[in-house]
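Architecture and fold: a report
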Amino acid sequence: MNQSLSFRVFKAILALPVPVAIIIPSLLLYFSGWQLSDFVLWRFLIGAVCFLAGLLLAVSTVRLFPKLGNGTPAPWDPTSKMIISGPYAYVRNPMITGVVLILTGEALMLSSWAIGIWAIVFLIINMFYFPLSEEPGLRKRFGKEYEEYCKNVPRYIPRLTPWKP
């Protein structure tokens, strides 16, 4: 991967997942009056599993953008090649699934209703954004290949087995 593409991916990460998964939850904790005493061990453990699963999914997804797609996760700097391997063989939007898992993990680990509500709001926003904005662009760029992919791979909840075209 060339240095320019690496920097573009870095900028996309700073512009999208960092505010959604770090800055906004931090502000929500601050303004909701969260206290360390709100900590509950069993929620923390379940949340840690969700958080780590989401982080693994998000990182493995982001790594595919420059490597296989020759682009970034940002809608303003999309891939030029369609990615259908790795997490994309199981779910069409693994990055969103990963971020929702991260937010759910944060909400559980920190016993924060505010972050839990933010996770739901983030999911709802993307449930409208992807079909209305992102997917039409993908259909235009990748045509029948993307249509076939959509018929076989769910949008948010992963398949049990990888799809192989």
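Summary of the structure given here. Residue numbers restart at each chain and count upward from 1, following the sequence in its written direction. Selection of residues for local features in this predicted model requires a pLDDT of at least 70, selection of side-chain atom pairs for listing and counting requires 80 or more, and totals for whole chains, interfaces and linings are taken over all residues. Derived side-chain values reflect all non-hydrogen atoms in the structure, with water molecules and hydrogen atoms excluded from consideration.

**Considerations on the packing of aromatic side chains**
Aromatic contacts are taken between Phe, Tyr and Trp rings whose centres are within 6.5 Å, Trp giving its six-membered ring; a plane angle under 30 degrees counts as stacked, one over 60 as edge-to-face, and the others as tilted. Using the criterion set out here, one finds 6 aromatic pairs in the structure. Considering the side-chain rings of tyrosine 30 and phenylalanine 31, the 4.9 Å spacing of their centres and the 80° angle between planes classify their relative orientation as edge-to-face. Its relative accessible area of 65% is what places phenylalanine 31 among the exposed residues. Geometrically, the ring pair formed by tyrosine 129 and phenylalanine 130 is edge-to-face, given 5.4 Å between the ring centres and 85° between the ring planes. Throughout, exposure labels follow a simple rule: accessible area from a 1.4 Å probe, protein chains only, divided by the maximum for the residue type, with under 20% read as buried, over 50% as exposed, and the rest as partly exposed. The buried category is assigned to phenylalanine 130, whose relative accessible area is 10%.

**Focus on the packing of helix H2 (residues 17-32) against helix H5 (residues 113-152)**
All axes here are fitted lines through C-alpha atoms, helices being fitted over the stretch that makes contact, and every angle between N-to-C directions spans 0 to 180 degrees. The secondary structure listing takes helices from DSSP runs of H or I that are at least 4 residues long and strands from runs of E that are at least 2 residues long, numbered from the N terminus. Their axes nearest at 9 Å, the elements H2 and H5 cross at an angle of 140°. For the element pair H2 / H5, the angle class is oblique. Read as a crossing pair, H2 and H5 show a hand that is right-handed. Here H2 contributes Val20, Ile24, Pro25, Leu28, Leu29 and Ser32 to the contact with H5, which in turn contributes Ala114, Ile115, Trp118 and Phe122. An angle below 35 degrees is read as roughly parallel, one above 145 as roughly antiparallel, one from 65 to 115 as roughly perpendicular, and any other as oblique. For any helix crossing, the convention is left-handed if the near helix is rotated counterclockwise from the far helix by under a right angle, and right-handed if that rotation is clockwise. Residues count as neighbours in contact if any of their non-hydrogen atoms are within 4.5 Å of one another.

**Things to note about the pattern of salt bridges**
Salt bridges are counted wherever a side-chain nitrogen of Lys or Arg sits within 4 Å of a carboxyl oxygen of Asp or Glu. Enumeration according to the criterion identifies 5 salt bridges in this entry. Here glutamate 135 ties to arginine 92 by a salt bridge, and the two come within 3.1 Å at their closest N and O atoms. In this pair, glutamate 135 sits in helix H5 while arginine 92 sits in the loop between helix H3 (41-68) and helix H4 (94-109), placing the two residues 43 residues apart along the sequence. Residues glutamate 135 and arginine 92 agree in their burial class; the two are buried. Arginine 139 is the salt-bridge partner of glutamate 147, the closest N and O atoms lying 2.6 Å from each other. What makes glutamate 147 partly exposed here is its relative accessible area of 31%. By relative accessible area, which is 31% here, arginine 139 ends up partly exposed. Connected through shared salt-bridge partners, Arg92, Glu135, Arg139, Glu147 and Arg155 make up one network.

Don't take any of this as a statement about function, it's just geometry.
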